[in-house]
Amino acid sequence: MEIEQATTLEERRKAFPILQELRSHLTADSFDDLYAEMAEEGYHLFVGFEENEPVAVAGVTISTNFYLGRHAYVYDLVTTETRRSEGYGKGILLFVHEWAEQQGCDAVELESGLWRDDAHRFYEQLGYEKYCYSFKYDLD
């Protein structure tokens, strides 16, 4: 699998259908609008290609906090449904690990919905530690 950062509108449009498998509420327009704001905040969108066809996507930022130091945060990670369990998710996540290390990060962090048992097993097999719960409060 070849992995590239999606930097152009055309590259992002190729990644969108896969990302939409994870974020089904997104439309092409909302994706473009949100991406523009997210990119200003340091969001990087990586796309894994097999024979020039996108098969996996990872969306990552770098930030710093008191408990992890400088770290990469994976907001989005998805392999297209027809190509799951073929190693593409692992491949793009290992790419993120290497990229984060090159950026001077000490850790990679992500969240996963409580109902996603298969994803949790996948992360644990890659050495991820389940160490906290995440909470949110809707302001609307």
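Here, the structure is the one placed above.
Basis of the calculations
Residues numbered from 1 in each chain as written. Predicted model: local features only at pLDDT ≥ 70, side-chain atom pairs only at ≥ 80, totals over all residues. Heavy atoms only, no water. Helix = DSSP H or I, 4+ residues; strand = E, 2+ residues; numbered from the N terminus. Rg over C-alpha atoms; globule rule 2.2 N^0.38 Å. Buried < 20%, exposed > 50% of the residue type's maximum accessible area, 1.4 Å probe, protein only. Contact = heavy atoms within 4.5 Å. Areas by Shrake-Rupley, 256 points an atom, 1.4 Å probe, with all protein chains shown as cover. Phe/Tyr/Trp six-rings, centres within 6.5 Å; stacked < 30°, edge-to-face > 60°. Salt bridge = Lys/Arg side-chain N within 4 Å of Asp/Glu carboxyl O. Core = buried A, V, L, I, M, F, W, Y, C linked by side-chain atoms within 4.5 Å. Pairing = 2+ DSSP bridges. Right-handed = clockwise from strand over helix to strand, strands pointing away.

S.K.: Teacher, can you tell me more about the overall build of the protein chain here?
M.R.: Within the protein chain one finds four helices and five strands. On C-alpha atoms alone, the protein chain measures out to a radius of gyration of 15 Å, which is about the 14 Å that the 2.2 N^0.38 rule sets for 140 residues. For the protein chain, the C-alpha atoms occupy an extent of roughly 40 × 35 × 35 Å along the three principal directions. When the 140 residues of the protein chain are sorted by exposure, 35% land in the buried category. Partitioning the contacts of the protein chain with sequence separation of at least 6, the portion at a separation of at least 24 is 56%. Summed over its atoms, the accessible surface of the protein chain is roughly 9300 Å², and 48% of this surface lies on carbon and sulfur atoms.

S.K.: Mind showing me how you'd approach the packing of aromatic side chains here?
M.R.: The geometry of an aromatic ring pair comes down to the distance between the two centres and the angle between the two planes. One pass over the full model with this rule turns up eight aromatic pairs. Their ring planes at 40° and their centres at 6.2 Å tell us that Phe31 and Tyr35 sit as a pair that is tilted. Of this pair, Phe31 and Tyr35 both sit in helix α2 (residues 28–40), separated by four residues, roughly a single helical turn. For the pair shown, Phe31 and Tyr35 are each scored as buried. Taken together, Phe16, Phe31, Tyr35 and Tyr43 form an aromatic cluster joined through their ring pairs.

S.K.: Got a minute to help me understand the pattern of salt bridges in this structure?
M.R.: Should the charged atoms of two oppositely charged side chains come close, the side chains can pair. Scanning the model with the defined rule gives seven salt bridges in all. With a shortest N-O distance of 2.2 Å, Asp118 and Arg121 are connected by a salt bridge. Of this pair, Asp118 and Arg121 are both found in helix α4 (residues 117–125), three residues apart, which corresponds to roughly one turn of the helix. Overall, Asp118 belongs to the exposed group, its relative accessible area being 58%.

S.K.: Could you clarify how one ought to interpret the nonpolar core in this entry?
M.R.: Across soluble globular proteins, nonpolar side chains have a tendency to be buried as a group. With 19 residues, the main nonpolar core has Val60, Val74, Leu77, Leu93 and Tyr123 as its most contacted residues. Among the elements of the structure, β3 (53–65), β4 (69–79), α3 (88–102) and α4 are those that each provide at least two residues to this core. The greatest single-element share of this core, amounting to six residues, is contributed by α3. Listed in part, the 14 residues of the second largest apolar core include Ile18, Leu19, Leu26 and Val78.

S.K.: Help me understand the pairing of strand β5 (residues 107–110) in this model?
M.R.: By the bridge criterion, four bridges tie β4 to β5 in an arrangement that is parallel. Bridge assignment links Tyr73 to a residue of β5, and that residue is Glu109. The parallel pair β4 and β5 is bridged by α3, and the resulting crossover is right-handed.

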